[in-house]
Amino acid sequence: MAATMKPSVAAEDVNVTFEDQQKINKFARNTNRMTELKDEIEAKKKSLQNLQDASDDLMMFDDDSLLIPYQIGEVFISHSQEETQEMLEAAKDALEQEIKELEGRVSAIQQVLGDLKVKLYAKFGNNINLEADES
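Remember, it's a predicted structure, so these values are computed and weren't measured experimentally. (Residues numbered from 1 in each chain as written. Predicted model: local features only at pLDDT ≥ 70, side-chain atom pairs only at ≥ 80, totals over all residues. Heavy atoms only, no water.)

### Comments concerning the pairing of strand 2 (residues 67-72)
Two faces make up the sheet, and in a regular strand the side chains alternate between them. Pairing between strand 2 and strand 3 (residues 75-80): 6 bridges, direction antiparallel. What sits directly across from Gln71, in strand 3, is Phe76. Joining the antiparallel neighbours strand 2 and strand 3 is a turn of 2 residues, in which Gly73 adopts a positive phi near 70°. (Pairing = 2+ DSSP bridges. Helix = DSSP H or I, 4+ residues; strand = E, 2+ residues; numbered from the N terminus.)

This is the structure:
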């Protein structure tokens, strides 16, 4: 989504200064960054759900003497059921922390975007479109 000037049909002419263009560019950059962060959050939530499913499946095993393969990098290393469960919990905690950090960054960007919207709409009114395209 980019901030674009609407063609003015019987609308007032507004002069776009260098500072205004900087604000429009900042708005566009932050909007793109927010979209990227939201996509990253969704991917991490999917990974978190996969870890939760693996943890649930692991709890259903009756035999504690089984060695469970756990992927580390590109290799699988066999661990006891208890060790694997602990590793899954640690991985889930780390992912949850990453998701919280990303959501905090999205929140900060939304605040910046809100401030920029107020300033840009105050100057340009209906001559500028700062709403996300739903395509």
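### Thoughts on the nonpolar core
Ranked by internal contacts, the top residues of the largest apolar core, which has 22 residues, are Phe27 and Leu120. Put simply, the parts of the chain that give this core at least two residues each are helix 1 (18-59), strand 2 and helix 2 (81-124). With 10 residues, the top contributor of residues to this core is helix 2. Discounting chain neighbours no more than four positions away, the residues touching Leu120 are Asp20, Lys23, Ile24, Phe27, Gly125, Ile128 and Leu130. (Core = buried A, V, L, I, M, F, W, Y, C linked by side-chain atoms within 4.5 Å. Buried < 20%, exposed > 50% of the residue type's maximum accessible area, 1.4 Å probe, protein only. Contact = heavy atoms within 4.5 Å.)

### What about a nonpolar patch on the surface?
On the surface, Ile72, Val75 and Ile77 cluster together into a nonpolar patch covering about 230 Å² of accessible area. Secondary-structure assignment places Ile72 in strand 2. What makes Ile72 partly exposed here is its relative accessible area of 39%. (Patch = residues over 30% accessible without salt bridge, like charges linked within 9 Å, V, L, I, M, F, W, Y side chains within 5 Å. Areas by Shrake-Rupley, 256 points an atom, 1.4 Å probe, with all protein chains shown as cover. Salt bridge = Lys/Arg side-chain N within 4 Å of Asp/Glu carboxyl O.)

### Concerning helix 2
Think of an α-helix as turning once every 3.6 residues; residues three or four places apart then point the same way. Spanning 44 residues, helix 2 covers 62 Å between terminal C-alpha atoms, matching the ideal 64 Å at 1.5 Å per step. Once helix 2 finishes, Gly125 follows within two positions and takes phi at roughly 60°, a positive value. (Expected span 1.5 Å × (residues − 1).)

### Some words on the environment of Val112
If you trace the backbone, Val112 turns up in helix 2. The exposure class of Val112 is partly exposed, given its relative accessible area of 30%. For the pair Val112 and Phe27, spaced 85 residues apart in sequence, the C-alpha to C-alpha distance is 8.2 Å. Setting aside residues up to four positions removed in sequence, Val112 forms contacts with Lys26 and Asn30.

### Details of a negative patch on the surface
A surface patch of like charges, here negative, comprises Asp62, Asp63, Asp64, Glu82, Glu83 and Glu86. Secondary-structure assignment places Asp63 in the loop between helix 1 and strand 2. (Lys, Arg positive; Asp, Glu negative; His and termini not counted. Charge placed at Lys NZ, Arg CZ, Asp CG, Glu CD.)

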